[in-house]
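# Observations on the three-dimensional arrangement
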Amino acid sequence: MNNEIYNRLLKLFKTLGFLPTDKSVLNAEIKGYVAGISFAENIMNEVYSNLFIDTANETGLSMYLGLVDKERQSTTEETRKIIIDAFCKNNGVISANEFKNAVLTLGSGCKYNCANGVLTISNADIIDRDFLERLKHFINNYAPTHLLLKFDGNGMTFQLFDDLFLRWRKIDELNIPFSVIDTLKTS
């Protein structure tokens, strides 16, 4: 039991005119409050600790690794270092040429147009597993999150999923939005 919280609550109750004794219901109620407040305090301390890379526990580090798309290293200190290095880079800021080159990874003749909150990519390569991996990389690293991404095609068919041996688990792993799947060129 957290004695600091207990003593503060005891003082508050005494100020209000309640005088709990050792085996009273009121004392048991105060101890219940102490347990609840202590639990919440411990959770908040853990959250506060995980706000900072230097003090984050394994759970906090895992969340940071997900943000920077990095893998856990052999030691906690190495893991902290790669997270800090990733945040020190100029994430999310790329030049127009870098973006054009990223679009070209989807097909050598690819072009893009941005209008009314939609980024449309045309002339992409025919869909195969390699293209879908490149598309995943493009979406995760270059596609602006404030724009709806679409292609100029008529969408993927169930037959194409079968031809590529794509099951829903694999499609979920690719993390490609339906706005893209529904507009990819299939022929």
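The next point concerns the overall build of the protein. Regarding its fold elements, the protein presents nine helices and three strands. The order of helices and strands in the protein, counted from the N terminus, is α-α-α-α-α-β-β-α-β-α-α-α. For 187 residues, the compact-globule formula gives about 16 Å, and the C-alpha radius of gyration of the protein, at 27 Å, lies well above that figure. In terms of overall dimensions, the protein has a C-alpha envelope of 80 × 35 × 35 Å along the principal axes. Working note: accessible area of the protein is about 12,600 Å², and carbon and sulfur atoms make up 56% of it. Both charge centroids of the protein, one from 20 positive and one from 23 negative side chains, sit 3 Å from each other.

Inspection of the secondary structure assignment puts tryptophan 168 in helix α8 (residues 168–174). By relative accessible area, tryptophan 168 is classed as partly exposed at 44%.

Before going further, it helps to spend a moment on the sheet that holds strand β1 (residues 111–115). The three strands are arranged β1-β2-β3 in an open sheet whose pairing can be described as mixed. Unpaired on one side and paired on the other, β1 and β3 (148–151) mark the two borders of the sheet. Adjacent strand axes in the sheet meet at a mean angle of 20°, parallel and antiparallel pairs treated alike. Bridge analysis of strand β2 (residues 118–122) against β3 gives four bridges, and the strand direction is parallel. Looking across to β3, one finds that valine 118 is bridged to leucine 148. Sheet strands touched by helix α5 (residues 96–104): β1 and β2. Its angle to β1, the strand with the most contacts, is close to 120°.

We now examine the environment of threonine 79. Relative to the elements of secondary structure, threonine 79 occurs in helix α4 (residues 76–88). As a C-alpha pair, threonine 79 and tyrosine 64 span 15 residues in sequence and 9.8 Å in three-dimensional space. Within the structure, threonine 79 has its side chain in polar contact with the backbone oxygen of threonine 75 (distance 3.0 Å).

On to helix α6 (residues 129–141). A rise of 1.5 Å per residue sets the reference length of α6, with its 13 residues, at 18 Å; its end C-alpha atoms lie 18 Å apart and thus fit the reference within 8%. Within α6, burial applies to Phe131, Leu132, Leu135, Phe138 and Ile139. Buried residues along α6 cover an arc of 120° about the axis, so they all sit on one side. Looking at the buried positions of α6, the neighbouring elements they touch are α5, β2, β3, α8 and α9 (178–181).

Within the secondary structure, asparagine 27 sits in helix α2 (residues 25–50). A relative accessible area of 2% means that asparagine 27 is categorised as buried. A polar contact of 2.5 Å, which involves the side chain of asparagine 27, links it to the side chain of tyrosine 6. When residues no more than four places from it in sequence are discounted, the contact partners of asparagine 27 are Tyr6, Pro20, Thr21 and Asp22.

A complete count under the given rule lists five salt bridges for this structure. The partner of lysine 81 in a salt bridge is aspartate 85, with the nearest N and O atoms 2.9 Å apart. Of this pair, lysine 81 and aspartate 85 both sit in helix α4, four residues apart, which is roughly one turn of the helix. Taking the relative accessible area as the measure of exposure, aspartate 85 reaches 36% and is therefore partly exposed.

The rules we used
- Residues numbered from 1 in each chain as written.
- Predicted model: local features only at pLDDT ≥ 70, side-chain atom pairs only at ≥ 80, totals over all residues.
- Heavy atoms only, no water.
- Helix = DSSP H or I, 4+ residues; strand = E, 2+ residues; numbered from the N terminus.
- Rg over C-alpha atoms; globule rule 2.2 N^0.38 Å.
- Areas by Shrake-Rupley, 256 points an atom, 1.4 Å probe, with all protein chains shown as cover.
- Lys, Arg positive; Asp, Glu negative; His and termini not counted.
- Charge placed at Lys NZ, Arg CZ, Asp CG, Glu CD.
- Buried < 20%, exposed > 50% of the residue type's maximum accessible area, 1.4 Å probe, protein only.
- Pairing = 2+ DSSP bridges.
- Axes fitted to C-alpha atoms, helices over the stretch in contact; angles between N-to-C directions.
- Contact = heavy atoms within 4.5 Å.
- Polar contact = N/O pair within 3.5 Å; in protein donor to acceptor, adjacent residues only side chain to side chain.
- Expected span 1.5 Å × (residues − 1).
- Arc of directions from axis to C-beta.
- Salt bridge = Lys/Arg side-chain N within 4 Å of Asp/Glu carboxyl O.

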